[in-house]
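Inside the fold
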Amino acid sequence: MNQRRTLIVANWKMHLNTSQASLLVHRLHERIRIHRNIEVVLAPSMLVLQPLSTQIDRRKFRLAAQNAYQKDEGAFTGEVSFTMLQDLVHYALIGHSERRIYFNESLEEIRDKVAAAIRNDITPILCIGETQHEHKAGETKQVLHDQIVTALSNLTAAQVKEVVIAYEPVWAISTFGGTLAKPTEVQHILDFIRHQVSQLYGATAAEAVRVLYGGSVDDQIVRGYLELEGCDGALVGGASLNYQKFAGIIDAAHRLQTETGDDA
Ligand code: PEP
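First, a word on scope: everything that follows refers to the structure included in this document. (Residues numbered from 1 in each chain as written. Predicted model: local features only at pLDDT ≥ 70, side-chain atom pairs only at ≥ 80, totals over all residues. Heavy atoms only, no water.)

This brings us to the overall build of the protein. Each helix and strand counted, the protein has twelve helices and eight strands in total. Rg of the C-alpha trace for the protein: 17 Å, near the compact-globule value of 18 Å for 264 residues, within the 12% margin. Projected onto the principal axes, the alpha-carbon positions of the protein cover approximately 50 × 45 × 35 Å. Taken over 264 residues, the protein has a buried fraction of 51%. As displayed, the protein offers around 12100 Å² of accessible surface, 49% of which is attributable to carbon and sulfur atoms. Counting 26 positive and 31 negative side-chain charges, the protein places the centres of these two groups 4 Å from one another. (Helix = DSSP H or I, 4+ residues; strand = E, 2+ residues; numbered from the N terminus. Rg over C-alpha atoms; globule rule 2.2 N^0.38 Å. Buried < 20%, exposed > 50% of the residue type's maximum accessible area, 1.4 Å probe, protein only. Areas by Shrake-Rupley, 256 points an atom, 1.4 Å probe, with all protein chains shown as cover. Lys, Arg positive; Asp, Glu negative; His and termini not counted. Charge placed at Lys NZ, Arg CZ, Asp CG, Glu CD.)

Below you can see the structure in the form of structure tokens.
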């Protein structure tokens, strides 16, 4: 039986002010039940983390930052550190393709952010994925290899066990085109990612790491990804802004666990 807890993450991106976010949490709270083997993580804007932290039912939800700065403290105008987020969030998205593409985050910056998250007891959700151009050029594995090797390079094998890796082909993300990736194709890449972790940090680390899929996932198609071997959950953008769709995704994860006996 799979020992890795399923993770369903809502990436609200730069949407929802405090009252809108609060309303969405209220609706989700009414709609979803407590699931022992599913962690539901909400990644609102930085501004909304504090008010939501007092609103959420912690049996149902955890919070994630969408980004943070790699230094713990200092003269870095406009930035928020992982240290400052320590009491607010369990998780942080790191290296999301929008950060890599629009904010030119480099492999090394992402490596430093992953290390900073771990140093501050925040679980990194390391987002990796190839662009459409790289996909078409047959460079997917090389790109993912480089992203994984660099991002994890300052961690020990024990620390790597804590990391979550979200595979999000850029071309499948709704705002970058939203071409649906075939589950068979995704299976191949999930296997590749775990194999990379195994080669670098050993089989125990590879078995512990949670690997998610993201890219235009909604309540109708999520099952096709969740039932892939070694898929530990989903990172959801657009559909996470709609409480019915997002709750439907959680229902699908729960149904699958019930069917496979993983909710025991
Ligand atoms: C994302 O940006 O992380 C994402 C998966 O977005 P969407 O679900 O909208 O494709």
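There's plenty left to go through after this.
Next up on the list: the nonpolar core. Ile 8, Leu 42, Leu 126, Tyr 167, Tyr 213 and Phe 246 are the most contacted members of the largest nonpolar core, which has 73 residues in total. Discounting residues that sit within four places of it in the chain, Leu 42 has contacts with Ala 10, Trp 12, Val 25, Leu 28, Ile 56, Phe 61, Arg 62, Leu 63, Ala 64 and Phe 246. If you look at the next biggest cluster of nonpolar residues, it comprises 13 residues, including Ala 43, Ile 125, Leu 212 and Leu 235. (Core = buried A, V, L, I, M, F, W, Y, C linked by side-chain atoms within 4.5 Å. Contact = heavy atoms within 4.5 Å.)

Moving on to helix H7 (residues 140-152). Taking 1.5 Å of rise per residue, 13 residues should cover 18 Å, and H7 covers 18 Å from first to last C-alpha, within 8% of that figure. Along H7, the positions that sit buried rather than exposed are Thr 140, Val 143, Leu 144, Gln 147, Ile 148, Thr 150, Ala 151 and Leu 152. (Expected span 1.5 Å × (residues − 1).)

Right, let's get into unusual backbone geometry. If you check the backbone angles, Leu 16 has positive phi at about 75° while not being a glycine. Mapped onto the secondary structure, Leu 16 falls in the loop between strand E1 (6-11) and helix H1 (18-31). Residue classification places Leu 16 among the partly exposed residues on the basis of a relative accessible area of 22%. Phi angles above zero are rare outside glycine, and Asp 121 is one such case at about 60°. Of note, Asp 121 is situated in the loop between helix H5 (107-119) and strand E5 (123-128). For Asp 121, a relative accessible area of 66% translates into the label exposed.

Within the structure, the ligand sits among 13 residues, and Lys 13, His 96, Ser 174, Ser 216 and Gly 238 are positioned closest to it. Gly 238 has a polar backbone atom sitting 2.8 Å from an oxygen atom of the ligand. Coverage of the ligand by the protein amounts to 99% of the 290 Å² it exposes when considered alone. Per-class residue counts for the shell around the ligand are three nonpolar, seven polar and three charged. (Near = heavy atom within 4 Å. Polar contact = N/O pair within 3.5 Å; in protein donor to acceptor, adjacent residues only side chain to side chain. Nonpolar A, V, L, I, M, F, W, Y, C, P; charged D, E, K, R; others polar.)

Moving on: the pairing of strand E7 (residues 210-214). Judged by how many residues are buried, E7 sits mostly within the fold: five of five residues are covered. On E7, burial covers both faces: Arg 210, Leu 212 and Gly 214 on one face and Val 211 and Tyr 213 on the other are all buried. Bridging between strand E6 (residues 164-167) and E7 involves four bridges; their strand directions are parallel. Residue Ala 166 lies in a different strand from E7, and its bridge partner there is Leu 212. (Pairing = 2+ DSSP bridges.)

Time to look at the sheet that holds E5. Within the closed barrel, the eight strands sit side by side as E1-E2-E3-E4-E5-E6-E7-E8. Their pairing is parallel. Averaged over neighbouring strand pairs, the angle between their axes works out to 25° when direction is ignored. H5 contacts strand E4 (91-94) and E5 of the sheet and is inclined by roughly 160° relative to E5. (Axes fitted to C-alpha atoms, helices over the stretch in contact; angles between N-to-C directions.)

What follows is about the packing of H1 against helix H12 (residues 243-260). At a closest axis distance of 10 Å, the pairing of H1 and H12 adopts a crossing angle of 40°. Put simply, H1 runs oblique to H12. Here H1 and H12 pass one another in a crossing that is right-handed. Residues Leu 24, Arg 27, Leu 28 and Arg 31 of H1 pack against Tyr 243, Phe 246, Ala 247, Gly 248 and Asp 251 of H12. (Parallel < 35°, antiparallel > 145°, perpendicular 65-115°, else oblique. Left-handed = near helix turned anticlockwise from the far one by under 90°.)

Taking 1.5 Å per residue, 13 residues should reach 18 Å; H5 reaches 18 Å between its end C-alpha atoms and fits that length. Among all positions of H5, only Ile 110, Lys 113, Val 114, Ala 115, Ala 116, Ala 117 and Ile 118 are buried. Asp 121 occupies a position one or two residues after H5 and carries a positive phi of about 60°.

So, about the packing of H1 against helix H2 (residues 46-55). The axes of two packed helices give the description: the angle between them and the distance between them. At a minimum axis distance of 10 Å, the contact between H1 and H2 shows a crossing angle of 30°. On the basis of the axis angle, H1 is roughly parallel to H2. When the axes of H1 and H2 are compared, the crossing they make is right-handed. Where H1 approaches H2, its residues Thr 18, Ala 21, Ser 22, Val 25 and His 26 are matched on the opposing element by Val 48, Pro 51, Leu 52 and Gln 55. Of the residues contributing to the contact of H1 with H2, the split by class is five nonpolar, four polar and no charged.

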